[in-house]
Amino acid sequence: MASQAVLSKRNEWIREFWNYRELFYFFIWRDIKIRYKQTILGAMWAVIQPFFTMVVFTLFFGNFAKVPSEGVPYPVFSYSALVPWTYFSGAMALSANSLVGNSNLLTKVYFPRFAIPASAVFSGILDFLIASTILFGIMVYYHIPLSWNLLLWPILVLPLVLMALGLGMIFSSLNVKYRDIKYTIPFIIQIWLFATPIIYPISMLPGKYKMLVALNPLTGIIEAFRSTVIPNKQIDLWLLLFSVTVSILLFAIGLIYFRRTEKIFADIV
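Since this is a predicted model, take the numbers as computed values, not measurements.

Asker: What is the right way to look at helix α9 (residues 157–177) in this model?
Answerer: Residue pairs three or four apart in sequence face the same way in an α-helix, which turns once every 3.6 residues. Helix length check: α9 (21 residues) gives 30 Å between terminal C-alpha atoms against 30 Å at 1.5 Å per residue, within 8%. α9 sits mainly inside the fold: 17 of its 21 residues count as buried.

Structure (structure tokens):
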């Protein structure tokens with residue numbers, strides 16, 4: 001009986017999502033337009049953040065600190081990780097603040113509340129694709145061969161979406177009740193940046209620290225992104241499998257928690 005109830009609830013969620021799919025598309029398109037509305041550089045903002053972060057990292061960590069870059073120029077090494085990181089961190093932050101930012105909608109009409117944090121996550125994929133094209137240009141500039149492994153690049157964004165959405169639903173639900181959550185998110189993102197092998201390769205870490213970094217669910221995904229770019233770098237399948245598994249679990253936990261708390265959003269937002 002319990003399993004039947006779970007299946008019935010799951011089918012209800014899927015049916016509700018399908019019935020409101022046009023509204024979901026509208027939210028995504030609205031978020032994209034708001035992001036670029038009345039801006040001078042428009043879509044170039046999708047490139048500016050990871051690109052200039054790469055320039056700063058190259059200057060201080062690549063040139064001054066001489067951080068190893070696994071046999072490729074440091075700009076390629078860092079930018080190949082900054083593109084997925086920038087998408088993930090931005091998507092999670094926007095999703096976490098999405099319910100409070102759309103409080104006027106929550107109190108007026110019913111629709112699946114899931115659409116609000118989900119649209120914040122999916123709208124960022126456009127930025128990810130734009131920034132990715134610059135990576136391929138950097139690879140050509142440094143004479144890095146474009147291999148068939150790059151076909152995995154868009155596929156690897158899927159676990160990033162699940163992780164960002166799972167955490168976004170958890171934090172957005174908490175943010176409705178506890179408004180200081182919005183101050184916590186930037187701090188978590190800042191710490192997470194240095195706990196993820198973006199600036200440095202995981203291979204340079206001592207054994208015990210390498211294990212700790214491997215427990216970071218972003219590590220396997222970031223390393224897989226980098227492996228599609230760096231010649232002769234093999235994807236660590238066990239590390240990637242761990243990251244994908246954690247992403248799915250976070251999404252499931254986030255969805256369950258979100259669905260259990262969404263009924264009170266309109267009352268306390």
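Having put the structure on the table, let's press on.
Asker: What am I meant to see in the packing of helix α4 (residues 74–96) against α9 here?
Answerer: Angle between the axes and distance between the axes: these two values describe a pair of packed helices. Between α4 and α9, the least distance of the axes is 7 Å, while the angle of their chain directions is 25°. Overall, the two elements α4 and α9 adopt an arrangement that is roughly parallel. Where α4 crosses over α9, the two elements pack in a sense that is right-handed. Between α4 and α9, the contacting residues are Pro84, Tyr87, Phe88, Ala91, Met92, Ser95 and Ala96 on the first element and Val157, Leu160, Val161, Met163, Ala164, Leu167, Gly168, Met169, Phe171, Ser172 and Asn175 on the second.

Asker: Mind showing me how you'd approach the confidence of the model for the protein chain here?
Answerer: Close reading of the predicted structure is inappropriate where its pLDDT is low. Looking at the protein chain as a whole, its pLDDT mean stands at 86, while 90% of the residues score no less than 70. Within the protein chain, the element-level pLDDT minimum falls on helix α1 (residues 2–19), averaging 61, and the maximum on helix α12 (residues 217–227), averaging 96.

Asker: Mind showing me how you'd approach the nonpolar core here?
Answerer: Soluble globular proteins: nonpolar side chains tend toward being buried together. Of all hydrophobic cores here, the largest spans 74 residues; its most connected members are Trp85 and Phe88. Contacts of Trp85, omitting those with residues within four sequence positions, involve Ile189, Trp192, Leu193, Ile198, Leu218 and Ile222.

Asker: What am I meant to see in the environment of Ser95 here?
Answerer: Along the chain, the position of Ser95 falls in helix α4. Note on Ser95: relative accessible area 0%, which makes it buried. When the C-alpha positions of Ser95 and Gly207 are compared, they lie 35 Å apart, and in sequence the two are 112 residues distant. When sequence neighbours within four positions are dropped, the list of residues in contact with Ser95 reads Pro117, Ala120, Val121, Gly168, Met169 and Ser172.

Asker: Got a minute to help me understand the side chain of Arg30 in this structure?
Answerer: Looking at where Arg30 falls in the secondary structure, it is placed in helix α2 (residues 21–36). Of note is the side chain of Arg30, whose polar atom sits 3.1 Å from the side chain of Asp31. Leaving out residues up to four positions away in the same chain, Arg30 has contacts with Asn102 and Leu105.

Scoring rules and cut-offs
Residues numbered from 1 in each chain as written. Predicted model: local features only at pLDDT ≥ 70, side-chain atom pairs only at ≥ 80, totals over all residues. Heavy atoms only, no water. Helix = DSSP H or I, 4+ residues; strand = E, 2+ residues; numbered from the N terminus. Expected span 1.5 Å × (residues − 1). Buried < 20%, exposed > 50% of the residue type's maximum accessible area, 1.4 Å probe, protein only. Axes fitted to C-alpha atoms, helices over the stretch in contact; angles between N-to-C directions. Parallel < 35°, antiparallel > 145°, perpendicular 65-115°, else oblique. Left-handed = near helix turned anticlockwise from the far one by under 90°. Contact = heavy atoms within 4.5 Å. pLDDT = per-residue confidence, 0-100. Core = buried A, V, L, I, M, F, W, Y, C linked by side-chain atoms within 4.5 Å. Polar contact = N/O pair within 3.5 Å; in protein donor to acceptor, adjacent residues only side chain to side chain.

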